[in-house]
Every structure is written in structure tokens, then in C-alpha cells.
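# Working through the structure, step by step
Listed below, chain by chain, are the residues.
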Amino acid sequence: MASISIKNITKIYPGDVLAVDDCSLDIPDKEFVILVGPSGCGKSTMLRMIAGLEEISKGELYIGDKLVNDVPPKNRDIAMVFQNYALYPHMSVYKNMAFALKLAKTPKAEIDRRVREAAKILDIEHLLSRKPKALSGGQRQRVALGRAMVRNPAVFLLDEPLSNLDAKLRTSMRTELIKLHNKLETTFVYVTHDQTEAMTMGDRIVVMNHAVVQQVDTPQNLYDSPCNMFVAGFIGSPQMNFVDAVLKNDGRYYLEVTGDKLYLPDEKVKDSVKEYVDKAVKLGVRPEDIYDDEAFLGSHADSTISTHVEVSELMGSEVYLYINYADTTMTARVAPTTKSRTGDSIKVALDMNNIHLFDIETELAILN
């Protein structure tokens, strides 16, 4: 097994295109780490540099204690699973899984043992004689995983492996991958643009944007304590609402938004907040922290606002209200028993214990 240490890595493509900018990251042995971010942020390039498929422009990459900048992919003890599975169409499932071992001149008996063991774990024993074209997307994905597994690599690299699957299959395959990681006890580095995948699968998440690592933390810490507006808006579905506000103090600290006063709980106020009095800030509030029920409204009179429901969406176990406030459309996630409907003018209250504040210029977090 192996840890991965990335030290000040930069990737510059021809034409001075900066794909990864001075990124550092330590991944302990056996950890499941997710690289997440929008398209073009540099996450796949980072993965390909770990794999040895892209040259490193600057910086150092260690797998275990070994510097691997100039080590070819086949000697890095890694296995990569691609988005398009990259199976050989003319070979059976068995031969696809055995191919790398055959190239390495592994004894036939050992190849057979490893292939059948991996097929059993992935529940594809009955597919070993089929060709890839006779398989469903989920089955092809399992074969691609099996082909990587038989090599017993120190590190698994997975590049958006579930993106070609339908929603139901993606959900079940997420569970299968978590179970597989627990069973193999191997280091996993997984790239996705889907923050739901990131939140549900990773021990830690690396959030990237514009070639830079924004924040590295556990899923819950990223959700509760984002370091900036990008992370706050990217992690969470529906995403965090942002509203322009001015921080004031009339004996108590409050946020002024279009004439409304939203008071901060005393225990929420920190020294970092106090220096922003009379300054513009960005208020961040998650959809689940906006309430329209009478009981909450009654007990939170100092954080109640008047809004207009533009759209109401019934999601089954909850309702999404798209409300207009301060010339901004906000999303509230409320109980299915809500009486609020499209076109209604309603009052909602914010749970000020859970709000976030950001510097309006740097977009860095002031308060979580």
C-alpha cells in the first residue's frame, strides 16, 4: 500500500495554459480522497500527473517514499479506471481483466486465481465469457474496476467512473465503490464534478477551482465551515444562497438587508466579525436554514423577512420554494406540509445560528 505526497506541483500546457497551480496535498495510505470541482478546474490533470500520463512542469510527486516524477506509469504501482472504461471490444471480460497480468508474464494459474477472485467480489463471475458490447454500462464499469483490481495496485485512480451511468445505477455503484475500498484497504483517488458523489464517498474532499486547491477537509467540515464563497456555493445541493448585507450594531450585531434587521445570536459573534461593522458583507444561508412554518416564525421574530414565492417544487419528502428577496432568488427547503404555493407572498425566518458571512472583496469566510 502507499501514501501520496504532492509538493508544489504545477502543470503548464503549451501556450502558457496553467492547468494546476502550485498545489500541495498529502494523501495517507488507505484513504479515499475525492478531487472535486467544475469542468476545467485541473482535477483530472492532477490525477493524470499522479498516474504519470502527464508530465509535471514544476514540483515533486512521491508515491510512498519514492520520487516518481520521471517514473513511467507501469512502474508506479497504480491502476487507473477511466470515464469511458477503455475495454478492449474484441476480448472477453476474462481476457480484458487478465490482459495486464499476461503482459507482465504472470503465471497462468495466478492470473486465473486473481481474475476469478476479482470477478467474485464484483459479482461478474457469470459475465467472464461475454464481450463488452453485450454488457450494460454498470457491468462494463465493474469489468474496468476488476481489470484494475487484479493487479493489486498500491493506488487506485478513478476519473469520473460513474458519469456515463443513469441516476439509479450511479447511486448503487457509489455504495459498491465504498464497500470495495473498505474490502481492498487501498488508497483511492477519485475525480468527479458531482459534489453529491464527493460528499457521500470520500474520507476527505479536495475542492479545486481555476487550477488551485481551495480547501481540503472532511465532507462535514467543508459543508459546515467553507473557507470561501466558492466552496460554500459548490458544496451542498441545492446550493447556498447569497445576499448582499451590511453589518451593523445597535447594542446587538445585526445584518441590514433592504431595511430588514437580521440579528446575530450573541454567541455567534466573534472578533473576526466586529471589524466589519458598517461594512458591506455577503450573507450566506443554506436552503434548509430558511423556514416558513408558524412555530419557527413565532420564535424567530428578529430574523423574519417578507418574500414572494416565484416557484414551488414538490420533491416528495420536501418542498423547494424559490423565493424573491432583495432582488435575489433564494431557495428554501421546507417540509412537505407547507402551505406556501407559487405566487404567494409569505414570511420566512432564517436560522441565524447557521448563517455564514463572507468578505465581499476577497470572498473569504468571516464567520461560519
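Up top you'll find the structure we're talking about.
Thresholds applied
Residues numbered from 1 in each chain as written. Predicted model: local features only at pLDDT ≥ 70, side-chain atom pairs only at ≥ 80, totals over all residues. Heavy atoms only, no water. Pairing = 2+ DSSP bridges. Helix = DSSP H or I, 4+ residues; strand = E, 2+ residues; numbered from the N terminus. 1 Å grid on protein atoms, 1.4 Å probe; cavity = no way out; pocket = protein on both sides within 12 Å on 5 of 7 lines; lining within 4 Å. Points joined across faces, edges and corners; volume = space filled by probe spheres on them. Nonpolar A, V, L, I, M, F, W, Y, C, P; charged D, E, K, R; others polar. Phe/Tyr/Trp six-rings, centres within 6.5 Å; stacked < 30°, edge-to-face > 60°. Buried < 20%, exposed > 50% of the residue type's maximum accessible area, 1.4 Å probe, protein only. Lys NZ or Arg CZ within 6 Å of the ring centre and 35° of its normal.

We now examine the sheet that holds strand β17 (residues 319-325). Taken in spatial order, the five strands make up an open sheet running β15-β19-β16-β17-β18, and their pairing is antiparallel. Two strands close off the open sheet at either side, each with one partner strand: β15 (290-291) and β18 (328-334).

We now examine the layout of surface pockets. Considered as a void within the structure, the largest pocket measures approximately 670 Å³ in volume. Taken together, 23 residues line the largest pocket, and the ones lying closest to its centre are Ile-78, Ala-79, Met-80, Ala-100 and Arg-151. The greatest single-element share of the lining of the largest pocket, amounting to four residues, is contributed by helix α2 (residues 93-103). Classifying every residue of the lining of the largest pocket by side-chain character gives 17 nonpolar, one polar and five charged. By volume, the second largest pocket amounts to about 320 Å³. Contributing to the lining of the second largest pocket are 17 residues, with Asp-292, Asp-293, Glu-294, Thr-338 and Lys-339 lying nearest its centre. Sorting the residues of the lining of the second largest pocket by element identifies β15, α10 (294-299), β18 and β19 (345-350) as the ones contributing at least two each.

This part covers the packing of aromatic side chains. Following the criterion strictly, the structure yields eight aromatic pairs and no others. Plain terms: the ring middles of Phe-32 and Phe-188 are 5.2 Å apart, the flat faces sit at 45° to each other, and that makes the pair tilted. Here Phe-188 lies in strand β8 (residues 187-192) and Phe-32 lies in strand β3 (residues 32-36), a separation of 156 residues in the sequence. With respect to burial, Phe-32 and Phe-188 carry one shared label: buried. Pairwise contacts between aromatic rings join Phe-32, Phe-156, Phe-188 and Tyr-190 into one cluster. Looking at Arg-286, its charged tip hangs above the ring of Tyr-223, at a distance of 3.9 Å from the centre.

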